[in-house]
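Chain by chain, the residues run as shown.
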Amino acid sequence: MDGIGPFDPTVGYPPGPAIREIGPDGSKIPLWKPLHMSRRAFLRGVVCSGTVIAGSAYLFSTATAARADARAVERMLRLTVNGRTHTVDVPPNETLAFTIRYRLGLTGTKIGCNSAECGACNVMVGGMTVYSCSTLTHRVRDKEITTVEGIARPDGTLHPVQQAFIDELAPQCGFCTPGMVVSAVALLNVNPKPTIEEARLALSGNLCRCGAYDHYLRGVMTAAERV
Amino acid sequence: MAYRLIGKNFTPPDIEAKVTGTARYAEDFRADGMAHIKIWGSRMPHGRVTRIDLSAAERVPGFLGALVPDDIKQPKPASQAILTSEPTFYGEPVVAVAAETEQAAADAIAAVVVEMELLPFVVDPLESLKPDGPNALTGGNVTGSGIDLQTIKWSGRDFAMVAEGELPRGQVPVEWTYGDVEAGFAAAKVIVEESFVQASNAHHAMEPRSAAAYWEGGKCHVWGSTQSTAFAQPGLAGLIGIPLEDLVFVAEFAGGGFGGKAGAYPLMALPALMSKKLGGRPCLLRVARKEEYNNGYARAGFQGWAKLGFRADGRMIAADVFTVQDLGTTTGFPDFNGFGNALATIHQPEAMHYRSIPVLTNTVPKGAQRGPGEQQCANMIEPLLDKAARELGIDRVALRLANAPGGGGQDARYGGKRDPVTSAYLREAIAKGAEQFRWAERVADSGTRTGSKVRGYGVASGFHTAGSYGFDGLVRITPDGILHVHTGVGNLGTYSYASTSRIAAEVLGYDWSRVVIERGGTARHLPWNLGQFGSNTNYTMVRTNYVAAMDAKAKLQEIAAAALGGAAADYELRDERVVATADPARGLSFAEAAQKAIEMGGKYAGQALPEDINPMTVASATAIAGTGLVGVAKDTLPQTGVVPGLSASFVAVDVDVETGRVDILECLSVADCGLVIHPQGLAAQARSAAVMGFGLARTERHIYDPAYARPNARGYHDAKPMTILDIPAEGLHWAAVDQPDLVNPMGTKGIGEPLEGSASAALVTAISDALGGHLFNRAPVVTDMILNAAEGLPQSHKPLATNTV
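Keep in mind that what you see is a predicted model, and the values were worked out from it rather than measured.

Q: Can you help me understand the domain arrangement of chain A in this one?
A: For an interface, size is often stated in terms of accessible area lost upon the parts coming together. Residues and elements named next belong to chain A. For chain A, the assigned domains are domain 1 (18-150) and domain 2 (160-226). Residue-level contacts link 19 residues of domain 1 with 18 residues of domain 2. Counting the surface lost from both domain 1 and domain 2, the interface buries some 1,300 Å², and carbon and sulfur atoms represent 66% of this. Across the contact surface, domain 1 and domain 2 share zero salt bridges. Viewed at the interface, domain 2 and domain 1 are joined by four residue pairs in polar contact (both at pLDDT 80 or more). If you list the elements that add at least two residues to the side of domain 1 that touches domain 2, you get β3 (122-125) and β4 (128-131). The element best represented in the side of domain 1 that touches domain 2 is β3, accounting for three residues. Split into classes, the residues belonging to the side of domain 1 that touches domain 2 amount to nine nonpolar, seven polar and three charged.

Q: Looking at this structure, I do not really get the pattern of salt bridges. What am I missing?
A: Oppositely charged side chains are able to pair whenever their charged atoms sit close together. All names here are of chain B. If you walk through the whole model with that rule in mind, you get 47 salt bridges over all chains. Residue Asp 386 pairs with Arg 396 through a salt bridge whose shortest N-O separation is 3.1 Å. Pair noted here: Asp 386 is in helix α11 (residues 374-392) and Arg 396 is in helix α12 (residues 396-403), with a separation of ten residues, a long-range link. In this structure, Asp 386 and Arg 396 share a single accessibility class: buried. For Arg 438, the salt bridge identified is with Glu 441, shortest N-O distance 2.9 Å. The exposure class of Arg 438 is partly exposed, given its relative accessible area of 40%. A cluster of three or more residues bridged by salt bridges with shared partners is formed by Glu 382, Asp 386, Arg 390, Arg 396, Arg 400 and Asp 769.

Q: So what exactly am I meant to see when it comes to the domain arrangement of chain B here?
A: Residue and element names in this part refer to chain B. You can read the domains of chain B as domain 1 (299-467 + 641-790) and domain 2 (468-634). With centres defined by C-alpha atoms, the gap from domain 1 to domain 2 works out at 39 Å. Taken together, the 21 residues of domain 1 in the interface contact 17 residues of domain 2. Taken over both partners, the interface formed by domain 1 and domain 2 buries close to 1,400 Å², and the fraction arising from carbon and sulfur atoms is 66%. Looking only at domain 1, the three residues that lose the most surface to domain 2 are Gly 467, Ile 677 and Met 746, adding up to 36% of its buried area. Counting the contacts that link domain 1 with domain 2 gives zero salt bridges. Counting the contacts that link domain 1 with domain 2 gives five residue pairs in polar contact (both at pLDDT 80 or more). Residue composition of the side of domain 1 that touches domain 2, grouped by class: eight nonpolar, ten polar and three charged.

Calculation rules
Residues numbered from 1 in each chain as written. Chains lettered and ligands numbered in written order. Predicted model: local features only at pLDDT ≥ 70, side-chain atom pairs only at ≥ 80, totals over all residues. Heavy atoms only, no water. Domains from an automatic or database assignment. Contact = heavy atoms within 4.5 Å. Buried area = accessible area lost by both parts, 1.4 Å probe. Salt bridge = Lys/Arg side-chain N within 4 Å of Asp/Glu carboxyl O. Polar contact = N/O pair within 3.5 Å; in protein donor to acceptor, adjacent residues only side chain to side chain. Helix = DSSP H or I, 4+ residues; strand = E, 2+ residues; numbered from the N terminus. Nonpolar A, V, L, I, M, F, W, Y, C, P; charged D, E, K, R; others polar. Buried < 20%, exposed > 50% of the residue type's maximum accessible area, 1.4 Å probe, protein only.

What follows is the structure, encoded as structure tokens:
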């Protein structure tokens with residue numbers, strides 16, 4: 001039992017930590033509703049038709065991709081990631097993290113827990129940070145998605161957050177860093193001059209097992225001075 | 001001596017990849033036709049597989065193949081197999097399948113039928129030691145490093161003769177003594193005697209131990225997650241069953257390890273074996289978080305007892321310590337040695353008797369976790385020092401100063417064997433910390449209550465052996481004048497792979513911008529280096545890079561002499577040129593010398609190599625031979641004594657006695673790590689080690705269902721590592737004694753581990769201080785324990801229970 005259940009389908013946000021109960025625009029973001037349902041059962045459950053569900057082809061799979069069926073059209077969606085629009089074939093039970101990593105090849109987004117606990121998979125959807133491991137790709141169709149690869153300028157100039165993280169030696173192992181970058185940039189986008197407490201809250205959905213929080217926090221505050 | 005690079009901050013060359021998302025970890029490997037692997041983990045804590053039925057799995061669309069235990073070479077008992085037919089812990093892999101997609105692999109795993117016969121199991125070491133207690137393994141209940149697998153049962157009398165809550169003390173396989181312990185106790189003014197528990201906790205590195213592999217041209221290519229790029233290779237080749245030269249290994253980044261990825265481990269080899277079965281097809285094993293918990297190792301828990309005797313001035317004159325180590329199901333890591341040696345080194349008791357017994361349980365395998373044994377010792381012993389100080393009526397810092405080794409450490413001794421140490425300045429670290437923390441002034445506030453919050457202060461010391469020797473260094477100057485430092489150190493995130501590489505640049509007088517670090521895989525031609533574990537990298541690979549650079553320096557001088565006349569001793573290095581000392585205008589640029597080295601060949605270009613270097617270094621040096629001036633050598637520098645990394649930490653807390661909440665207000669850690677070679681890196685380690693230590697002190701623990709031995713702390717939410725909201729926003733501070741080690745050529749030694757232990761134990765003692773010196777004798781000190789203590793209620797756990805509370 002994973003204790004992870006579906007979130008309110010009327011709200012376009014995935015479940016998140018308690019600290020994100022109120023969004024930057026004041027909108028309420030629901031907490032998750034623990035259900036006695038396994039993650040696997042949940043993902044199976046979102047497939048509404050009676051067709052076989054084992055066809056979640058990853059990018060490099062040819063066998064299942066070739067197995068076109070009546071649902072093929074429904075699976076096609078347009079996904080705008082880092083300013084580029086992709087037309088991709090995504091099964092309805094696939095999470096955004098898997099689509100990003102395995103179909104689009106954007107491996108900067110990490111899967112640390114796959115259950116909305118660690119934030120290594122954080123991306124921005126419409127400017128809001130979400131746990132992409134717990135967001136169904138079909139839920140974010142036609143939305144602007146930004147991953148860590150889309151934070152720097154196209155010419156390679158680093159975002160102030162990225163440069164400040166380097167200057168403060170914030171990353172250690174680096175596995176949580178993409179999520180930290182995304183959370184910090186999302187914060188500064190809406191609050192360019194956060195207090196330390198606001199910055200802490202913005203990073204509170206991101207775990208760093210190395211324990212480098214202090215240097216990430218310094219990085220956010222340094223970046224805020226440069227934005 | 002004024003250094004140009006040592007002691008200066010720098011930007012590590014890999015860090016930009018981390019902030020832009022281009023850093024590639026094992027699970028980021030992609031290849032055309034990549035198959036996906038899933039594993040079937042045991043549902044029983046200990047059982048024998050009686051039947052495996054793959055027929056339904058084989059019918060799952062996309063199924064490609066399966067591996068079962070009979071396909072795998074099985075290790076000796078009490079070792080972890082890649083797949084096993086007698087799983088000894090919940091989640092231990094039994095079957096692996098590969099399929100076209102991860103979903104298909106998961107579906108196939110769901111269709112696998114494994115029938116098992118339940119065997120006896122146990123989660124509490126003391127239960128296994130009871131006369132009729134179960135053995136975790138079929139062949140016994142006690143083993144460990146240097147200890148054969150055997151069955152040891154204590155007598156009913158052993159258990160009956162101790163008071164309620166006191167650790168029974170029966171037969172043990174580990175015992176040492178130095179000095180006259182009984183005479184020490186007889187002379188002691190105060191004797192403290194307590195039993196205690198330190199819980200196990202998971203490593204839970206952010207990157208699970210995913211791995212990928214394929215075969216091509218007879219070579220096996222593996223992408224793995226490890227702390228130790230060079231050191232992991234022989235073990236991995238052994239697990240796959242190939243000669244080392246047939247392994248192509250890539251490990252540029254490791255998403256955390258903390259000891260759990262110190263070398264090779266069974267799951268790293270699984271994709272290679274599956275790929276072999278599929279004719280070399282690329283295979284990726286994405287390990288899920290809960291699978292990582294099951295297979296990602298853990299810190300060994302301890303149950304223990306200590307009797308400590310003190311003189312009136314606080315000097316510890318006798319120690320009698322008994323520990324029971326929870327091994328999990330393998331020989332694990334000898335934390336039992338670390339515990340006893342840490343106490344003997346940090347507190348230098350005049351006489352000590354140490355006994356220990358490592359006991360197998362049907363819990364996840366235990367491996368080294370940051371400060372293995374030393375951290376458990378700190379959390380358990382430091383509160384007892386506080387009790388002694390209170391009973392003696394002396395300051396808690398004063399008591400530690402009375403025992404800590406200092407002044408360079410000429411009189412200090414390591415562990416039970418009383419070996420000399422290379423340097424020790426713990427006393428100075430404590431004194432510096434006490435001054436900077438304003439201990440004497442602030443401790444007057446201990447116990448001050450504001451509303452429901454009570455102020456407490458804690459102090460503690462940390463230790464780990466922090467250096468080794470005897471490994472190889474390899475550098476190369478190419479005809480473009482660039483210095484290439486080849487390093488087999490892993491990339492754990494301490495950036496010591498880079499800071500130790502700067503030693504070679506320092507020796508040769510290089511501008512750092514003209515240095516390339518070659519690292520991350522066999523294609524970079526790595527020398528034989530020790531792994532990035534045990535806080536050893538600074539000390540060990542400073543030496544290897546020093547000897548390689550000195551070899552290059554000698555060759556530069558010889559080349560100059562050959563080209564320009566005179567003797568090698570007539571030349572010196574200056575501004576990336578080798579010039580005549582008498583006439584600096586006469587000389588060669590390093591670029592020109594590198595070209596000369598290629599022309600001269602032989603030892604200058606790596607075609608003739610020292611006879612004492614490791615075969616891995618021989619292969620790497622041979623691969624780059626003829627491309628420049630090659631400096632290569634084994635570290636044969638003088639070495640006397642054990643290298644002690646030491647630290648002292650000071651913590652201030654507010655404990656809310658109505659809610660049990662602990663606000664950590666401030667933590668200052670002071671390092672004795674020799675000369676500081678990378679200040680910002682030390683700052684990062686000091687602060688982050690404190691964070692990990694706080695988790696060890698407050699929240700992280702294994703919990704198993706005692707009836708079924710099923711783990712209940714497999715995810716982050718359950719395992720409770722610290723979040724950013726659990727630490728003080730601007731309250732993590734650091735300092736260093738900054739006294740050079742007396743043996744290392746650059747005066748440095750490691751520190752990553754001690755800093756966690758001292759911070760953790762300082763937090764434990766601070767909480768205890770806020771509660772009037774209440775001894776929990778258990779870590780982590782969780783919220784309900786604090787509430788019970790504050791309200792004078794009995795704790796909800798039995799005093800020595802472990803793994804179940």
